[in-house]
Amino acid sequence: MSQYIDMGRNDASRRDWQSVLHLDATLLFGLTCASVFGLFVLFSATDQSHTTLIRQLVRLGVAFATMAVIAQLRPQWLMRWTPWLYGIGLVLLLAVLIFGDTGKGAQRWLDLGFIRFQPSEMMKLVVPMMVAWFLSDKGLPPKITRILIAGLLIAIPVVLIARQPDLGTSLLIASAGFFVLFLAGLSWKLLAGLGVSAAAGAPILWHFMHSYQRQRVYTFLHPEQDPLGTGYHIIQSKIAIGSGGTFGKGWLNGTQAHLEFLPESSTDFIFAVLGEEFGLAGILLLLLIYTVIIVRSLYIATQAQDTYCRLLGGSLGLTFFIYIIVNTGMVTGLLPVVGLPLPLVSYGGTSMVTLMAGFGILMSIHTHRKLLPT
Amino acid sequence: MPHRVTIKDYLFESRLFMRRTVVALIIAGLLFVGLIARLIYLQVVDHEHYVTLSDENRIKIQPLAPNRGLIFDRNGVILAENLPSYRLEITQELVKDMDTTLDKLSQLIRIQDIDRKRFKKLLKQTPHFKPVPLRFHLNDEEVARFAVDRHRFPGVDIVAGLTRHYPNGALAVHALGYVGRIDIRDLQRIDTSNYSGTTHIGKTGIEKTYEDKLHGKAGYSQVETNAEGRILRTLERVAPIPGENITLTIDARLQTRVEAIFNNRAGAAIVLEPQTGDILAFVSMPGYDPNLFVNGIDVKTYRDLRNNIYQPLFNRALRGQYPPGSTIKPFVGLGALEQHTVTAHDSIFCPGFYQLPRKDRKYRDWKKTGHGTMSMVSAITQSCDVYFYDLALSMGIDQLHDSLALFGFGKRTGIDISGEAPGLLPSRSWKRKTRDQPWYPGETLITGIGQGFMLTTPIQLASATATLATYGQKITPHVILSSQSGSEPPAGTVISTSQLPVNELQHWQTVIHAMQEVVHGKRGTARRTGQNASYRMAGKTGTAQVFGLKEEEKYDAETIAEKLRDHSLFIAFAPVNNPQIAVAVIIENGGSGSAVAAPMVRQIIDSWLAPELSQELTP
């Protein structure tokens, strides 16, 4: 094993900056483009607030640094620590439920005295890692008992997070775990069965939902019935996007956001600001950047050399896609309002660090490949 | 071998993963396509719709109310004006401690608990950057006191607006009317967009009739607002077109004089120019102060006005319907002459009563002893009832009705003040229709002396007098002289001129001569009124019974309640040869026409015609 590694290291032709820094140029390019574009939109969305711009820059710095650090960690090292991280994560989630701080009506934060920590963020990475670790132990596709165990591994943190309550994050984690199972070759029959039982389980889920979550679904279905209450978000964001047209009203010229008609314009609804000021053209540009990132992520996964890396990498790429499709679907009125930010564009700290840590893992997977003998 | 198996599995797993990745990519790609389709729908297909919604969001139309037109009398004396009125407003976000501010303010300006309560309620409903009114109609002293201490009250402002004011108070109130706050009934008949910034509307009188001219056209300003409603900038401004000033035919000096002559009697007087139909004075007494109504009258004051037995709110000149009594006689006489029912020389004997053939009932003359032999002129001069009983019977109700209808009795004159009552000129068909009864000859008799069913309004009586004075020239009486855009009356009111048929001018001259004798003749019923007049006037007294006396009952003013006493009437025009003024006066429960109404008319005509008195009128 060490022989291959040495070979890789000694191969002068491969000693370009990417493998030295363990970074991936394509991903880095895509992420940087999205971040810079995002900064422009954010600057406008916050009414040209320099303070917000600087804070976001700092966060981006921290996030990119986190990515770079994680990228240095060998995948094998990550794999070895996976079960431990998972265990710690579960304990922290329980701690949040018992001791957690309440922020905005939901218990998500754990105050460690020096830092306020959101264990659910960590689980966005740890859950797919854990499922990938568990499934890669045996041959694929997984047998039914292993699928059930994997399902349990996903369900426990998802339920704990859903109880905080944080529907957006728990959905994201559930899908991250599900993607691992899907990529591992979950049989189509089982997938169909899952679909049917999900449809059947929806009323049960409805029963367990908080009233505000039910309200969101209801509002999604009939936004115009409550135009000044919960439907206001969707109506105003559709107006913002629609009035933007093909080329938009121009940077800093969006009236919906600047005149405060559009709520949460710098966070969850920033996509509407983009649509209003840069129009369809601006949106397509951002979607193109996102597509580059997603395709590159999936490519990295396919090039990975072991099952753990493949499954984890693929799941991370697809989760990134889920972020985008859920956020844009919500802002354009295709999906109910679920509190998910638009990656790299929305103003916000913790989730961005987690996201970039995920790309760190992808870069690590790609740059720590061993060159196999033919 | 296990090693080989691992390799094989590895390849299999790798392919499986590849397949799954491609499936995921395809699904993701389809979802992106769906998203883009949605975006195209929003941003391209429905773009215009959302642009409209976005503009509606940010652009608000603020109405700008036009200033109401002023009302002048014929000499340019102002009758209705707009005065600045001051209100005190507080902007919440500029005030640190609202209660302290209110307490300090109340040391300068009277702030009642009710003001404070209403203000607190409004405060909760208003965005913090919008001013909330605390007090309305500050007086000059309060404005001055606040102005001195203005610096101590950041966020507190005095805002000037315009409020309708009638500087002469009750003068001509029944002609002018008043404006009041727009209510639900008003909203149903106005163009709400033109009134969106307006708070007041003409409620009665000229203010109501000429509302369209007086109001003007609302302007607007287009402003950009944020989601809270704070105005950020003005995009467009279209100035309002102020209402037109209008000039009335009323002469404020004469109006004042006539109202003074009434000396608190209840009744009405119409003074008009026979040649033009211009109303010089429009009096209904008692009146009231229209300023009370402009900004809402308080309940007690209103109740007092409503319950006042003299009914100051009642427009007697326009809506009061009275039996014309003997004032109808010249018109009946003229009708009979023109129809050749009698000649001026035919005479009958008046024994003091009249009986229908084969009937026992006696129709009494006001003069118990009788007038003796009477012809047309003496019957009008002395107001002989018996002569007119007989004349009416000879004419018959149909002819009586038709000749009186020519002068406009029983029909609205069409004066440009709304709410006119039609009066009542009875006829066979009217009685059949309303009472389902045939017409009785006895009813013809009393119609001939202006009693029974017949009712007229003061404006009708004055208009008929003017028509008589001008030998049949009938002009719709009106109060508008001119407005900035011309003198046309508004839709629905037409000033028309027509000429009544004149068979023989001599008939008219006979009747007018008889009316002159009423005032200037030795035996005229109003001979005392005509004494020492520098001009010749033609008139006719009238005493209208409010309730019917039994056949043998004697009328005694002392013994019956005031409300049941006779109405006192007098109609006149002067000078006889060149009529410049026609007057109808009715004093409710005033007693006899010769004693009360006639001397008042003399005073009125004196003030208009006598040059020295007209000097006196000049303010």
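What you see is a predicted model; the values in this text were computed from it and never measured.

A look at the confidence of the model for chain A
Residues and elements named next belong to chain A. With 87% of its residues at a pLDDT of at least 70, chain A reaches an overall mean of 85. Across chain A, helix H13 (residues 270-303) holds the top mean pLDDT of 95, while helix H1 (residues 2-10) sits lowest at 44. Considering only residues more than four positions removed or in separate chains, one finds that residues 1-13, a stretch of pLDDT under 50, has 8 contacts.

Things to note about helix H11 (residues 232-244) of chain A
All names here are of chain A. With 13 residues, H11 extends 18 Å between its outermost C-alpha atoms, agreeing within 8% with the 18 Å of an ideal straight helix rising 1.5 Å per residue. Counting buried positions along H11 gives 11 out of 13 residues, so the element sits mostly inside the fold. Those residues of H11 that sit buried are His233, Ile234, Gln236, Ser237, Lys238, Ile239, Ala240, Ile241, Gly242, Ser243 and Gly244. Two residues or fewer after H11 comes Gly245, characterised by a positive phi angle close to 70°.

Observations regarding the nonpolar core
Residues and elements named next belong to chain B. With 119 residues, the main nonpolar core has Ala269, Ile270, Val271, Val583 and Val585 as its most contacted residues. Looking at which element gives the most residues to this core, the answer is helix H16 (residues 385-406), with 10 residues. Aside from chain neighbours lying at most four places away, what touches Val585 is Gly267, Ala269, Leu569, Phe570, Ala597, Met600 and Val601.

Observations regarding the sheet that holds strand E22 (residues 538-544) of chain B
Residues and elements named next belong to chain B. The antiparallel open sheet is built from 5 strands, whose spatial order is E14-E13-E24-E23-E22. Both outer strands of the open sheet, strand E14 (279-285) and E22, are each paired with one neighbouring strand and no more. In this sheet, neighbouring strand axes are inclined to one another by 5° on average, regardless of whether the strands run parallel or antiparallel. Across 7 bridges, strand E23 (residues 567-574) lies against strand E24 (residues 581-587) in antiparallel orientation. Bridging from a neighbouring strand, Ser568 pairs with Ile587 of E24.

Considerations on the pairing of strand E9 (residues 219-225) of chain B
All names here are of chain B. Strand direction decides the pairing type here: strand E1 (residues 59-64) and E9, joined by 6 bridges, are antiparallel. Pairing of Gln62 across the sheet is with Ser221, part of E9. Bridging between E9 and strand E10 (residues 231-238) involves 6 bridges; their strand directions are antiparallel. Considered in E10, the bridge of Glu224 is made with Arg233.

Thoughts on the interface of chain B and chain A
Contacts between the two partners involve 31 residues from chain B, matched on the other side by 38 residues from chain A. Elements with a contribution of two residues or more to the side of chain B that touches chain A: helix H1 (2-45) and helix H2 (47-58) of chain B. Looking at which element gives the most residues to the side of chain B that touches chain A, the answer is H1(B), with 19 residues. In terms of residue class, the side of chain B that touches chain A is made up of 17 nonpolar, 7 polar and 7 charged.

Comments concerning the packing of helix H4 (residues 50-72) of chain A against helix H15 (residues 350-367) of chain A
Residue and element names in this part refer to chain A. At a closest axis distance of 7 Å, the pairing of H4 and H15 adopts a crossing angle of 30°. If you check the angle between H4 and H15, you find them roughly parallel. The two elements H4 and H15 cross, and the hand of that crossing is right-handed. When H4 is examined against H15, the residues Arg59, Val62, Ala63, Phe64, Thr66, Met67, Ala68, Val69, Ile70 and Ala71 are found in contact with a partner set consisting of Met352, Val353, Met356, Ala357, Phe359, Gly360, Ile361, Met363, Ser364 and Thr367. Its residues assigned to classes, the contact of H4 with H15 comprises 15 nonpolar, 4 polar and 1 charged.

Conventions and cut-offs
- Residues numbered from 1 in each chain as written.
- Chains lettered and ligands numbered in written order.
- Predicted model: local features only at pLDDT ≥ 70, side-chain atom pairs only at ≥ 80, totals over all residues.
- pLDDT = per-residue confidence, 0-100.
- Helix = DSSP H or I, 4+ residues; strand = E, 2+ residues; numbered from the N terminus.
- Contact = placed C-beta atoms within 7 Å.
- Expected span 1.5 Å × (residues − 1).
- Buried ≥ 20, exposed ≤ 12 C-beta atoms within 10 Å, placed from the backbone.
- Core = buried A, V, L, I, M, F, W, Y, C linked by C-beta atoms within 7 Å.
- Pairing = 2+ DSSP bridges.
- Axes fitted to C-alpha atoms, helices over the stretch in contact; angles between N-to-C directions.
- Nonpolar A, V, L, I, M, F, W, Y, C, P; charged D, E, K, R; others polar.
- Parallel < 35°, antiparallel > 145°, perpendicular 65-115°, else oblique.
- Left-handed = near helix turned anticlockwise from the far one by under 90°.

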